[in-house]
Amino acid sequence: MASTSDIRNGLCIKFNHDIYKIIEFLHVKPGKGPAFVRTKLRSVSNGKVLDNTFSAGHKIDVVRVETQTYQFLYAEGDTFHFMNVDNYEQITLLRDVLDAPDLLKEGTNVMLQINTETDLPLSIDMPASVILEVTYTEPGLKGNTATNATKPATVETGATVNVPLFINEGDKIKIDTASGNYMERVKE
């Protein structure tokens, strides 16, 4: 058993008869009253996000996980296929379990967390950023760069990202996988 002081992003816990992954947390110490931890939890079974507040010192049941590197092979409808890079074992996961399925490019390495008690996959940690090619975007107007204006762009995986006006088709851009936002243009 752990307590609220052990809470961190990515920690998997048993809560309400399910396993949840902590995706956000904030320790709060108000001027009056006891401290507490405000958390945002994602269910690893169905992907639903839940807000919960734990009082300080509350005991939490931590799930022991093992992390392994897997490579994304391909998607087939709502099913995503991955391969272990060490032993070439393949697994399939549903779209709901993934954090940013629209940003997954074939051949991308991800970290898969596996429950050590049941040997079932819990969640996937995407790389911090991915580099994708812009396949479609409207041309930017010359001289319209004084403001922080953006336009939608479709990348090679089919995701739509807001990009600055100077981005054109064929450019490679770096995208933050946590927020899905444009970071920078990548020169080759």
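A brief report on the enclosed structure follows.

Here is what the cut-offs are and how they apply
Residues numbered from 1 in each chain as written. Predicted model: local features only at pLDDT ≥ 70, side-chain atom pairs only at ≥ 80, totals over all residues. Heavy atoms only, no water. Helix = DSSP H or I, 4+ residues; strand = E, 2+ residues; numbered from the N terminus. Buried < 20%, exposed > 50% of the residue type's maximum accessible area, 1.4 Å probe, protein only. Contact = heavy atoms within 4.5 Å. Areas by Shrake-Rupley, 256 points an atom, 1.4 Å probe, with all protein chains shown as cover. Pairing = 2+ DSSP bridges. Axes fitted to C-alpha atoms, helices over the stretch in contact; angles between N-to-C directions. Phe/Tyr/Trp six-rings, centres within 6.5 Å; stacked < 30°, edge-to-face > 60°. Polar contact = N/O pair within 3.5 Å; in protein donor to acceptor, adjacent residues only side chain to side chain. Core = buried A, V, L, I, M, F, W, Y, C linked by side-chain atoms within 4.5 Å.

Let's talk about the overall build of the chain
Phase 1: Scanning the chain from terminus to terminus reveals 0 helices and 16 strands.
Phase 2: Along the longest, intermediate and shortest principal axes, the C-alpha atoms of the chain span 60 × 50 × 25 Å.
Phase 3: Split into buried and exposed, the 188 residues of the chain put 36% on the buried side.
Phase 4: In the chain, 43% of the contacts between residues at least 6 apart in sequence involve partners at least 24 apart.
Phase 5: Of the roughly 11200 Å² of accessible surface on the chain, 48% is carried by carbon and sulfur atoms.

A word on the sheet that holds strand 3 (residues 18-28)
The pairing of strands in a sheet happens through backbone hydrogen bonds and is either parallel or antiparallel.
Phase 1: Spatial strand order, 1-6-2-3-4-5: 6 strands in an open sheet with antiparallel pairing. Each edge of the open sheet carries a strand with a single partner, namely strand 1 (2-3) and strand 5 (49-55).

Side note on the pairing of strand 9 (residues 90-94)
Phase 1: Burial of strand 9 is one-sided: the residues Ile91 and Leu93 facing one way are buried, the residues Gln90, Thr92 and Leu94 facing the other way are not.
Phase 2: Counting the residues that bridge the hairpin from strand 8 (residues 79-84) to strand 9 gives 5 residues, and of these tyrosine 88 lies at a positive phi of roughly 65°.

A closer look at the sheet that holds strand 7 (residues 65-76)
Phase 1: In spatial order, the strands read 9-8-7-10-11; together these 5 strands make up an open sheet with antiparallel pairing. This sheet does not close on itself; its edge strands, each paired only once, are strand 9 and strand 11 (121-125). This sheet shows a mean twist of 40° between the axes of neighbouring strands, independent of strand direction.
Phase 2: Pairing geometry for strand 7 and strand 8, over 6 bridges, is antiparallel. Counterpart to glutamate 76 in the pairing with strand 8 is threonine 79.

Section: the packing of aromatic side chains
Phase 1: Going through the model one piece at a time under the given rule, you end up with 4 aromatic pairs.
Phase 2: Between the aromatic rings of phenylalanine 15 and phenylalanine 54, the centroid separation amounts to 5.6 Å while the plane-to-plane angle is 70°, which identifies the pairing as edge-to-face. Of this pair, phenylalanine 15 sits in strand 2 (residues 12-15) while phenylalanine 54 sits in strand 5, and the two are 39 residues apart along the sequence.
Phase 3: Look at phenylalanine 15 and you get buried, because its relative accessible area is 17%.
Phase 4: Ring centres of phenylalanine 72 and phenylalanine 80 lie 5.6 Å apart, and the angle between their planes is 35°; on these two criteria the pair is classed as tilted. The residues phenylalanine 72 and phenylalanine 80 share a single accessibility class, namely buried.
Phase 5: An aromatic cluster is present here, built from Phe15, Tyr20 and Phe54 joined pairwise through their rings.

Description of the side chain of threonine 137
Phase 1: Within the secondary structure, threonine 137 is located in strand 12 (residues 129-137).
Phase 2: Of the residues examined, threonine 137 reaches a relative accessible area of 5% and is grouped as buried.
Phase 3: Side-chain polar atoms of threonine 137 contact the backbone oxygen of proline 152, separated by 3.1 Å.
Phase 4: Beyond its immediate sequence surroundings of up to four residues, threonine 137 is in contact with Lys151, Pro152, Ala153, Ile167, Asn168 and Glu169.

Here we look at the nonpolar core
Phase 1: Phe82, Leu103, Leu104, Ile173 and Ile175 are the most contacted members of the largest nonpolar core, which has 27 residues in total.
Phase 2: Secondary-structure elements contributing two or more residues to this core are strand 7, strand 8, strand 9, strand 10 (109-115), strand 12, strand 13 (150-155), strand 14 (160-164) and strand 15 (172-176).
Phase 3: Residues within four places of isoleucine 175 in sequence aside, it is in contact with Leu103, Ala128, Ser129, Val130, Leu132, Val155, Val161, Gly180, Asn181 and Met183.
Phase 4: Residues Ile7, Leu11, Tyr20 and Ile60 belong to the second largest nonpolar core, which totals 11 residues.

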